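# Structural overview
Listed below are the residues making up each chain.
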Amino acid sequence: MVRKKVEGDEEQRRAAGRAAHRAGETPSARGATTGASKQRTHLTDRSTRTHEERLGTPHHGKQRWQGEQDRAAGAPPGPEKTESAFAGRGRPPYTDDHEVLFRALVEAEETHGGGVALDEVARTARMSHEKALVLMHDLVTTHRLARQVPDTGRTDLGPLYEVRPGG
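Read on for an overview of the structure. In this convention, every chain numbers its residues from 1, walking through the sequence in written order. It should be noted that, the model being predicted, local features are given only for residues of pLDDT at least 70 and side-chain atom pairs only at 80 or more, the latter also being counted only at that level, while totals for whole chains, interfaces and linings use all residues. Side-chain numbers come from the whole structure's heavy atoms, not from hydrogens or water.

## Focus: the side chain of aspartate 138
Put simply, DSSP marks the helices as runs of H or I at least four residues long and the strands as runs of E at least two long, and each gets a number from the N terminus on. Relative to the elements of secondary structure, aspartate 138 occurs in helix H7 (residues 129-142). With a relative accessible area of 1%, aspartate 138 lands in the buried category. Discounting chain neighbours no more than four positions away, the residues touching aspartate 138 are Arg89, Pro92, His98, His143 and Arg144. Burial classes: relative accessible area under 20% of the type maximum marks a residue as buried, over 50% as exposed, and values in between as partly exposed (1.4 Å probe, protein chains only). Residues count as neighbours in contact if any of their non-hydrogen atoms are within 4.5 Å of one another.

## So, the pattern of salt bridges
Salt bridges are defined as contacts in which a side-chain nitrogen from Lys or Arg sits within 4 Å of a carboxyl oxygen from Asp or Glu. Scanning the model with the defined rule gives six salt bridges in all. We note a salt bridge from lysine 131 to aspartate 97, for which the minimum N-O separation is 3.2 Å. Placement of lysine 131 in helix H7 and of aspartate 97 in helix H5 (residues 96-112) is noted, with a sequence separation of 34 residues between them. On the basis of relative accessibility, which here comes to 32%, the residue aspartate 97 falls in the partly exposed class.

## So, the packing of helix H6 (residues 118-125) against H7
The angle between two axes is taken between their N-to-C directions and runs from 0 to 180 degrees, where each axis is a line fitted to C-alpha atoms and a helix contributes only its stretch in contact. Axis separation between H6 and H7 bottoms out at 9 Å; the angle between their running directions is 105 degrees. One element, H6, and the other, H7, form an angle in the roughly perpendicular class. Contacts between H6 and H7 involve Leu118, Asp119, Val121 and Ala122 from the first element and His129, Ala132, Leu133 and Met136 from the second. When residues are sorted by character, Ala, Val, Leu, Ile, Met, Phe, Trp, Tyr, Cys and Pro go into the nonpolar class, Asp, Glu, Lys and Arg into the charged class, and all the rest, Gly among them, into the polar class. In terms of residue class, the contact of H6 with H7 is built from six nonpolar, one polar and one charged. Angular relationships are summarised with four words: roughly parallel below 35 degrees, roughly antiparallel beyond 145, roughly perpendicular across 65 to 115, and oblique for the angles in between.

## Digging into the nonpolar core
For this analysis, a nonpolar core means a set of buried residues of the types Ala, Val, Leu, Ile, Met, Phe, Trp, Tyr and Cys, connected via side-chain atoms within 4.5 Å. Counting residues in hydrophobic clusters, the biggest one holds 19 residues, and the most contacted among them are Leu101, Leu105, Val121 and Met136. Elements supplying a minimum of two residues to this core: H5, H6, H7 and strand S3 (160-163). Setting aside anything within four residues of it in sequence, one finds leucine 105 in contact with Val121, Met136, Ala146, Tyr161, Glu162 and Val163.

## Quick look at the sheet that holds S3
Here the rule is simple: two strands pair whenever DSSP picks up at least two bridges between them. Taken in spatial order, the three strands of this open sheet run S1-S3-S2, and their pairing is antiparallel. Bordering the open sheet on either side are strand S1 (116-117) and strand S2 (146-149), each of which pairs with just one other strand. Along the sheet, H5 contacts S1, S2 and S3; its crossing angle with S3, the most-contacted strand, is approximately 100 degrees. This element, H7, spans S2 and S3 of the sheet and lies at about 100 degrees to S2.

## Description of the packing of H5 against H6
The contact between H5 and H6 brings their axes to 8 Å, and the two run at 115 degrees. For the pair H5 and H6, the crossing hand works out as right-handed. Between H5, through Val100, Leu101, Ala104, Leu105, Glu107, Ala108 and His112, and H6, the contact on the second element is made entirely by Glu120, Val121, Thr124 and Ala125. When its residues are assigned to classes, the contact of H5 with H6 shows seven nonpolar, two polar and two charged. Each crossing gets its handedness from the near helix: less than a right angle anticlockwise from the far helix is left-handed, clockwise is right-handed.

## Structural notes on H7
Turn by turn, an α-helix covers 3.6 residues, leaving residues three or four places apart pointing in a common direction. Expected helix span is given by 1.5 Å per residue-to-residue step, counting one fewer step than there are residues. In a regular helix each residue adds 1.5 Å, so 14 residues correspond to 20 Å; H7 covers 19 Å between its end C-alpha atoms and thus fits that length. Of the positions making up H7, those classed as buried are Ala132, Leu135, Met136, Asp138, Leu139, Val140 and Thr142. Close packing links the buried residues of H7 with H5, H6, S2 and S3. Backbone geometry just after H7 places arginine 144 at a positive phi near 55 degrees.

## Some thoughts on the environment of glycine 113
Along the chain, the position of glycine 113 falls in the loop between H5 and S1. Given a relative accessible area of 71%, glycine 113 falls into the exposed group. Each C-alpha atom, one on glycine 113 and one on glutamate 162, is 9.8 Å from the other, the two residues being 49 residues apart in sequence.

In C-alpha cells:
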C-alpha cells in the first residue's frame, strides 16, 4: 500500500494533530495525518464555487498555505529563515586575494598532509578569519579550486579544506 504524502516532518504532523485535538477536531478531519482520506476536501460543482475556493483548494494542507492561515488566525510565526551571508554576491572574479589564500591553502595542505582548517589557512595567508571565510567560499563554490572535506574526529576546528584534485 502506498503511503499518503503529507507535507512536513513527523514532528510537524504530530504538532498539527495536537492542535486539532485542542480545537476539538480530529487530526484526520483536518488532513493533518497520513491516515486521512487522500481526497483533501469534497469539491462541489465547479459552477457554484467562488474564485477564492477554486484557488484555495490546491493549496489546502501545504505548509506555506497553512502558515498564511495561521498568521491570519493570530498564531505565532515559525522560525524565520536566515539568508546566507553569501547571497546576492553573484560570481565574484578571481582576485589577488584569492590567489594569496589559494597559495596558503596549498602550502598548509602540504605541511599537514591533508585537509586544513580555515584558521590555519588564514594564518598562513596573514589575513583575518572573516576575509578568509569569504574568499574560501569563492574558491569552493565559484572558482572550484578547493573543496570542503569531512572532518574526521577533529570537530572543534570546523570544516577542513583541500585543493580540489585537478584544480
